[in-house]
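Each chain, letter by letter, is given below.
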Amino acid sequence: MARMKFLADAERCIECNGCVTACKQEHEIPWGVNRRRVVTLNDGVPGEKSISVACMHCSDAPCMAVCPVDCFYKTTEGVVLHDKDICIGCGYCFYACPFGAPQFPQDGAFGLRGKMDKCTFCAGGPEADHSAAEFKKYGRNRLAEGKLPACAEMCATKALLGGDADVIANIYRDRVLKRGKGSEIWGWGTAYGKPDKPAAQPGAKS
Amino acid sequence: MLLTRKSTSLIDKDGAAQGRLARSISGMLGRTIDRRAFLRRSGIALGAGAVASQLPFNIVDRAEAAQDAGGKTETRRTICTHCSVGCSIDAVVQNGVWIRQEPVFDSPINLGAHCAKGASIREHGMTHDSHRLKTPMKLAGGKWQKISWDQALDEVSKKMLEIKKASGPDATFWIGSSKHGNEQSYLFRKFVSMFGTNNMDHQARICHSTTVAGVANTWGYGAMTNSYNDEQNSKCVLFFGSNAAEAHPVSMLHTLHAKENGAKVIVVDPRFTRTAARADTYYRIRSGTDVAFLWGMLHHIFKNGWEDKDYIKARVYGMDKVREEVAKWTPEEVEKVTGMKEAEVRDVAEKMAKNKPSTIVWAMGQTQHTNGNAIVRASCILQLALGNVGKSGGGANIYRGHDNVQGATDIGPNPDSLPGYYGIAPGSWAHFARVWGVDLDWLKKQFASEAMMTKPGITVSRWQDAVMEKNENIDQDSNLRAVVFWGHAPNSQNRGKEMVEAMKKLDLLVVIDPYPSATAAMAAMVRQDGVYLLPAATQMETSGSVTASNRSIQWREKVVDPLFESRTDQMIMYQLAQKFGFAKEFTAKIKLSKGKGGMDEPDMEDTLREVNRGVWTIGYTGQSPERLQAHMRNMHVFDVKTLRAKGGKDAKTGYVLDGDYYGLPWPCFGNAAMKHPGSPNLYQTDRHVMDGGGNFRANFGVERDGVNLLAEDGSHSKGADLTTGYPEFDHVLLKKLGWWDDLTDDEKKLAEGKNWKTDLSGGIQRVVMKVHGCHPFGNAKARAVVWNFPDGVPLHREPLYSPRPDLIEKYPTHDDQKNRWRLPVLFKTVQQANKDAVKSYPLILTSGRLTEYEGGGDETRSNPWLAELQQEMFVEINPKDANDRGVRNNEYVWVQTPTKARLKVKTLVTERVASGTVFCPFHFAGHFEGRDLLDKYPEGAAPIVRGEAVNTATTYGYDIVTMMQETKTTLCQVVKA
Amino acid sequence: MRRVLMLAFAAALTWSVAGCGEKPMVTVYKQGQYQGKPDMQPWDGDPFKGDKNAWEKTVKARNLGQNEYVRISGGS
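Predicted model, so just to flag it, every value in this text is computed and none were measured. (Residues numbered from 1 in each chain as written. Chains lettered and ligands numbered in written order. Predicted model: local features only at pLDDT ≥ 70, side-chain atom pairs only at ≥ 80, totals over all residues. Heavy atoms only, no water.)

(A) Seen up close, the overall build of chain C. Of the regular secondary structure elements, chain C holds four helices and zero strands. Put simply, chain C runs from its N terminus to its C terminus through helices and strands in the order α-α-α-α. Buried residues in chain C amount to 34% of all 76 residues. Carbon and sulfur atoms make up 60% of the accessible area of chain C, which amounts to about 4800 Å² in all. (Helix = DSSP H or I, 4+ residues; strand = E, 2+ residues; numbered from the N terminus. Buried < 20%, exposed > 50% of the residue type's maximum accessible area, 1.4 Å probe, protein only. Areas by Shrake-Rupley, 256 points an atom, 1.4 Å probe, with all protein chains shown as cover.)

What follows is the structure in C-alpha cells.
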C-alpha cells in the first residue's frame, strides 16, 4: 500500500511559487489562506535555498495528537485529513504543527469562527468523493481520480515531489547519486520519522 | 533567512492590497537555521497568514456551480501565454466553462511543469470577479463611459480616417503585440500596411531588438540558436544578462537537470539573482559594462590559446579585428571598468573554454542598453571564438520574453520589415502583394507615397517623441496624432513621465486589450476625452499558433469563447478593415469563419496557410496547421533532449511523425509535402539539411576587401553536394550548376526569375535541399565584424547616465544622430549634460522581473492567485546604502532620477544588490509619483495590485541601431519618504 | 480573541506539549478515536468503482510522471 508523502528538493526549488498557485487554483482557495507556501532561507546571499512547505502528512502527526475533539484521521495511504464538521477551529493543531500548516479562514461556510483548513494531499475529506460538499469544504479530490497533488505535478523544476514515499524517495535518490553529493531534506525526519528501510532514506549515499 | 518573501497581509474591503514585504524578516535573522528556529519562525510567518485570513471561503460557490451543473467535460490543449518557454496546458472545460487545468507530462518542453503564472492561468477563463475590460468604453468628460461595439468601431474608424485624410496615414501609430498569435501578428502587419503606413511595432523593440539585429547580422537569423532542451547537452552554461529562475522558471527544469548531470552553471550579473543562487558560480559585475567583461574573457581565451582555431578559420570572418580590440582589455582595465577581478574573469573564460560544448544565455540584461547591439554581438563573438555555435549543447541561447515575441518578430508588425524579415524594399512589397492576392498598385496607393512605403517606420520605444518632437526634426510629414495600443503596456517603456505628456497631446488614443492596462489610467489622468477602450479576447479564447523562444511552433486550441463583450483580435481587425474599406483585400486569399455571435473573422488555420505560402526566408512554410496539430496530439513521441520524434503516427490523420523535431522549429523549409523536419539547432554542420542541419548564412556578399566571406573548403553541412562555401540560391545559380532541370515543369514556371525567398512553388528550396543537400541561403562565414553597424567591432561605451564620469572620456557614447527611424536621437549631448549626475544621484538603478508577473503586469496583477504573492512595488537596496540614508527595511522611500520623476516605493534591504546599486521590478503600474490611479481605471477593471512603474522614472537612452531603450543602467537617489 | 482561546487551551493541557512537536513530548495518537464521519477509499467512487489495482496502477504511473529522467530517457 502506498504511503503518500511530499518531498521538497532544495537543490531544485527556484522559489517560483508554481506549487502555491497550482494549489490555489485547483481548490479555489481564498486570498489569505495558504495551504502551501515557499520558504526561502538566506534570501539574497550565497547559500540561498528555498523549499515548498505544506502539511507533511506526518506519520506521527502532532495535530492528531493534540486535537481536543479528535477531528483528524489518517487514510489508508497515510494522508492526514480532518472533518470540518467536528473541528471547532481552536487552533491548537496550529501550535503543535512543526510546519505551521493549519490555516484558519475566519469567516466562511461554518459561521463566524473559521474551521481549520490545510493541505489534503488533494484527497478531499470525509464527504462523498467528487461531491459538491467535499469540494466546498476540502477542495478537489485528485487522489480519487488517480491523480497526485497538483502542486507536485506542476512543479516547475520537479523539486516538489508528491506520491508514494518509496517512489519519490527513489526519484530523489537517483538525483542525489547523479549530483554526487548528499543533500538535506527539510523536515524529513520530523515528518516521516525513521524510514521503513534504508533505501527510502533520502540523502543517504547507498 | 526568511520565511517568505511574499506578503501575507490583509486586503482591505475594497480589495486593495495593503501588503507588507514579508521578506523583510531576512534582515533581522541569522543566516543559518536549525529545526527549532525553523519551527518557531514558521509559527511567526504562518501565524500572520492565519490571522490574515479574513476572506470568506466563498469563491468555492462558482466552481461548485460549475461542477453541480454536470455535463460532459472536454480537454482542450493550449499553450501558456506568460513567457516564451511554451508550456503546454490541458484545460478542462465543462459547458463552456473552464473548470480545471491538468499538467501535460507528455510535453517535451515543460513535462507538465509550470511556474506560478502557468499554474494559475485558468484565471483567464474566470468571469466571477474578473478584472478584465468587459465592454467597449470611451472617455467622456474625464469619466469612462460604456458604449456599444458598433459605436466604438464607428467613432474610432471615423476619427482614424479623418486623421489619415488631414495628415496622412503616417500620423497614426499602431502598437501590436507579442502576445498575439502568429496568425494575428501576421494579419496585423498586413492590416496596418493596408491602412498605409509602416508606423507599427511591438514589444520586441524593447526586449530583443538589439539581439535580432545584432545576431542576424552576425550569422544569419536573429533568434535563439538552440533550445531550452538542448541545454541538457551543455557542459557549461553561462547566464549573462538573464535571470531565468524568475523570468523563464520552467527553463530551469532543463538547466538544473543539466547541472545535475555535471554541467557547470555560471551567473554573471549586477544582482545576486535567484538564478545565481542556484548556480555553481556567481560573480558580480557593474551594470552596463558587458562588452568590457566579454572582451576580458576573450583576452584570457586568446592569451591561453583556448579559441577554436580551425573553426574560426573555416567559419568566421574578421576575428583578427576583434583581437586588436580585445588586446586593449587587459585584466587591469577590465577590473577598472567592470569591477571584476582578473581571477573571476579568467575563471569564467576557462570554464567556458574547457567544458565544451558550452552555451551562453541572455535576455534583457544584455539587450536593454544604449550599446545593446554591441553587447549581443560580443556574446556571439565569444561563442564563435570558442567554436560553440552550430553545436548541440552550445549556441547562443537567447531567451525571448513574451509567449509569441519570437513569432511576432518573425512575421508580425515590424516597422522595417514585412513578414519573414523581407525588407520593405519594392521587391518585397511585390512578393507580398502576390501572396496576399492584391494589386501592387492598389497597395502603393494606400501609402502616402512610395518613399514612405519603403521607409522604416517609427519605433514603439519612441512614439512619444514622434508626438512631442518639433515637426521639422522628424522624417515624416506630420507628427503622430493617433496611437493604438493593441496589446501593449506603456509602463514597460522608459521615460513614463514624458509619455503621459505625449498621451495628453494626441488627438486619439485607442486601447485594444483584454485589460484596460496602464494606458487607460495614465490617459485618464491627463485627458477628458478622445480615448477608446475595446475589449479583446485572450489567447485562451481563440486558436492559432505560437512560436516559443526555441522557434518551435505550437498550436493552441480555443479553450472558451471570448468572455464578456470581448472579440478576438482577428475579428476586430477584420471589422476595422471593413470600416476602412479594405476588408476584401485584407482577406483576399483567406477564408472567413464564423466567430463570436456568428460574425465573420479571418480563419486562423487558413491564415497560417497563407503564411506557409509566403514566408520562405525563415522557413515558416513547412509548418502546416495539420502538421502542427499532429504534433500537439502526439507529444509523447518526441525525445526531450533532441526534440526529435522517434517513430509515431498520428491516429487521427495517419501523419507519420518519425524524424520531425517538436513544433517544427523554424526554419522548416519547403512546403509541408517536402517534410523538412525543422531545425532544432541553427547552423549545425554535422547534420544533413534534411535532418535540420545547416551553416551560416550568406547574406552579406561573397567577399569584402578581397577577403572571402563564404565558408572555407570542407566546411559545409553534412552530405552537401557543394563542399565549400556558396552564395544563396536563385534561378541563375541553379541553371549554372545544372540543377534547373531537377525542378518539375510546374515549379519551373513559378521559379523562373525568382530566388529561394520569392519562389512560391518551393521548387528551388526542394531541389537545393532534398536533391543536393545544400542550404538555400548559401554557406558563408559568420561576421565578427558587422561593418554596416556604427561599431563594426563591438565597443564598450559608458551608459548615458554613467556612475563613472572618469571613464566617459575614454569610453564615450555615440555622437548624436539626426535621423534614425524617422527621429533624431541624442547620445553625447545627454551623456555630457549628465556627467555630474552621479553626484546627486549616486546609485545605479536597474530593473528586472518577478516570477509572479509578466511584462507590464496588467494581466498578472489582475489575477488574484498571483497578486496575493506580490502585493507591493519595492526597491532592493543594500544594507549599507539603506543605513547611510537612515532608511530601514519595509519603509516608504522616494526613488528619484535625473528626470525629476520620483517613485514612492517600499524598501527591501538586502545584499542581493551591491552597495551602489538598487533594483526595481518593472511589472507595476497604477500609481504615479505617489498617487494611486484606482479611480482612473474603468470601474471593476483596475488590477488588484497597483504600484509605481519603475519606468515612470527611467531616463533617456536608446540603442543606435534599433532604438532599444536603456532600462538596465541609469542613476537614482533614494530618500526617506 | 483567537489568541485568547488558544492560550486557554494551552493552559488546559500539559505545558510541555505546547511548544513544539518534538517527539518525546507528543502524545501518542491512537487510531480509533476519530470522531468524524467515515471516509471512502479513493478507489471506491468514479472512475475506479472499487478496482483498487487499477487505482494503484494509475497513481504509480502518475507518480513516475514527476520524474523527468523517465521522460528524458525515452520512457513514457
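Next comes the rest of the account.
(B) Just the packing of helix α24 (residues 496-505) of chain B against helix α25 (residues 517-526) of chain B, in detail. All names here are of chain B. In contact at an axis separation of 9 Å, α24 and α25 are set at 65° when each is read in the N-to-C sense. Relative to α25, the element α24 lies roughly perpendicular. The element α24 and its partner α25 pack so that their crossing is right-handed. Seen from α24, the contacting residues are G496, M499, V500, M503 and K504; seen from α25, they are T519, M522, A523, M525 and V526. Here the residues of the contact of α24 with α25 are counted per class, giving seven nonpolar, two polar and one charged. (Axes fitted to C-alpha atoms, helices over the stretch in contact; angles between N-to-C directions. Parallel < 35°, antiparallel > 145°, perpendicular 65-115°, else oblique. Left-handed = near helix turned anticlockwise from the far one by under 90°. Contact = heavy atoms within 4.5 Å. Nonpolar A, V, L, I, M, F, W, Y, C, P; charged D, E, K, R; others polar.)

(C) Spatial organisation of the pattern of salt bridges. All told, the structure shown has 90 salt bridges over all chains when counted by the stated rule. When the shortest N-O distance is used, the salt bridge between B:D170 and B:R822 registers 3.3 Å. Residue B:D170 is found in the loop between α5 (149-167) and β6 (172-175), and its partner B:R822 is found in the loop between β26 (817-820) and β27 (823-825); the two are separated by 652 residues along the sequence. With a relative accessible area of 6%, B:D170 lands in the buried category. With a relative accessible area of 1%, B:R822 lands in the buried category. The salt bridge partner of B:K179 is B:E859, with a shortest N-O separation of 2.4 Å. Within this pair, whereas B:K179 is found in the loop between β6 and α6 (182-195), its partner B:E859 is found in the loop between β28 (843-848) and α36 (864-867), the two being separated by 680 residues in sequence. Overall, B:K179 belongs to the buried group, its relative accessible area being 13%. Under the relative-accessibility criterion, B:E859 is labelled buried at 15%. Because the salt bridges share partners, they merge into one network encompassing A:E15, A:D43, A:E48, B:E246, B:R271, B:R274, B:R278, B:E876 and B:R912. (Salt bridge = Lys/Arg side-chain N within 4 Å of Asp/Glu carboxyl O.)

(D) Looking closely at the packing of aromatic side chains. Applying the stated criterion to the full structure yields 38 aromatic pairs over all chains. Centre to centre, the rings of B:Y317 and B:W787 are 5.7 Å apart; their planes meet at 85°, and the pair counts as edge-to-face. Pair noted here: B:Y317 is in strand β11 (residues 316-317) and B:W787 is in the loop between β25 (782-783) and α33 (805-808), with a separation of 470 residues, a long-range link. On the basis of relative accessibility, which here comes to 12%, the residue B:Y317 falls in the buried class. A relative accessible area of 25% places B:W787 in the partly exposed class. Ring centres of C:W43 and C:W55 lie 5.2 Å apart, and the angle between their planes is 55°; on these two criteria the pair is classed as tilted. Of the two residues, C:W43 sits in the loop between α2 (15-18) and α3 (52-64) while C:W55 sits in helix α3, which places them twelve residues apart along the sequence. The class of C:W55 is buried, set by a relative accessible area of 1%. An aromatic cluster is present here, built from B:W174, B:F188, B:F191, B:F195, B:W486, B:F580, B:F582 and B:F586 joined pairwise through their rings. Over the ring of B:W740 we find B:K735; its NZ or CZ atom is 4.6 Å from the centre of that ring. (Phe/Tyr/Trp six-rings, centres within 6.5 Å; stacked < 30°, edge-to-face > 60°. Lys NZ or Arg CZ within 6 Å of the ring centre and 35° of its normal.)

(E) Quick look at the packing of α6(B) against helix α26 (residues 569-580) of chain B. Residue and element names in this part refer to chain B. One can describe the packing of α6 onto α26 by two numbers: an axis separation of 10 Å at closest approach and a directional angle of 15°. Taken together, α6 and α26 sit at an angle that is classed as roughly parallel. Along this stretch, α6 crosses α26, giving a crossing that reads as left-handed. Contact residues: Q184, L187, F188, F191 and F195 in α6; D569, Q570, M573, L576, A577 and F580 in α26.

(F) Quick peek at the sheet that holds strand β4 (residues 137-140) of chain B. Residues and elements named next belong to chain B. In spatial order, the strands read β5-β4-β18-β17-β16-β6-β7; together these seven strands make up an open sheet with mixed pairing. Across the chains shown, the open sheet's two edge strands, defined by having one partner strand only, are β5 (143-146) and β7 (200-201). In the sheet, β4 pairs with β5 via four bridges, with the strands oriented antiparallel. By the bridge assignment, L139 is partnered in β5 with W144. (Pairing = 2+ DSSP bridges.)

(G) Spotlight on the side chain of B:D230. Residue and element names in this part refer to chain B. Note on placement: D230 falls in the loop between α8 (209-219) and β8 (236-240). Buried charge without a salt bridge: D230, with R687 as the nearest opposite-charge side chain at an N-O distance of 6.5 Å. Reaching out from D230, the side chain makes a polar contact with the backbone nitrogen of G393 at a distance of 2.6 Å. (Lys, Arg positive; Asp, Glu negative; His and termini not counted. Polar contact = N/O pair within 3.5 Å; in protein donor to acceptor, adjacent residues only side chain to side chain.)

(H) Here's a closer look at the nonpolar core. Among the nonpolar cores identified, the biggest contains 198 residues, and B:W174 and B:F191 are the most heavily contacted of them. When near neighbours in sequence (up to four residues on either side) are disregarded, B:W174 contacts B:M160, B:F188, B:F191, B:V192, B:F195, B:T197, B:N199, B:M200, B:D201, B:V484, B:W486 and B:F580. Grouped together as the second largest cluster of nonpolar side chains are 51 residues, A:C55, A:Y73, A:F104 and A:M116 included. (Core = buried A, V, L, I, M, F, W, Y, C linked by side-chain atoms within 4.5 Å.)

(I) Examining unusual backbone geometry more closely. Here the residue pair B:K356 and B:P357 is connected by a cis peptide bond, since its omega of 5° sits within 30 degrees of zero. For B:P357, the position within the fold is in the loop between α16 (342-354) and β12 (358-362). Of note, the amide linkage connecting B:W666 to B:P667 takes the cis form, showing an omega dihedral of 0°. Here B:P667 shows up in the loop between α29 (625-633) and β23 (703-704). Here A:F121, not a glycine, exhibits a phi torsion of approximately 55°, which is positive. Mapped onto the secondary structure, A:F121 falls in the loop between α3 (92-96) and α4 (132-138). Despite not being glycine, B:N890 has its phi angle at roughly 65°, a positive value. Assignment of secondary structure puts B:N890 in the loop between α37 (879-884) and β30 (892-896).

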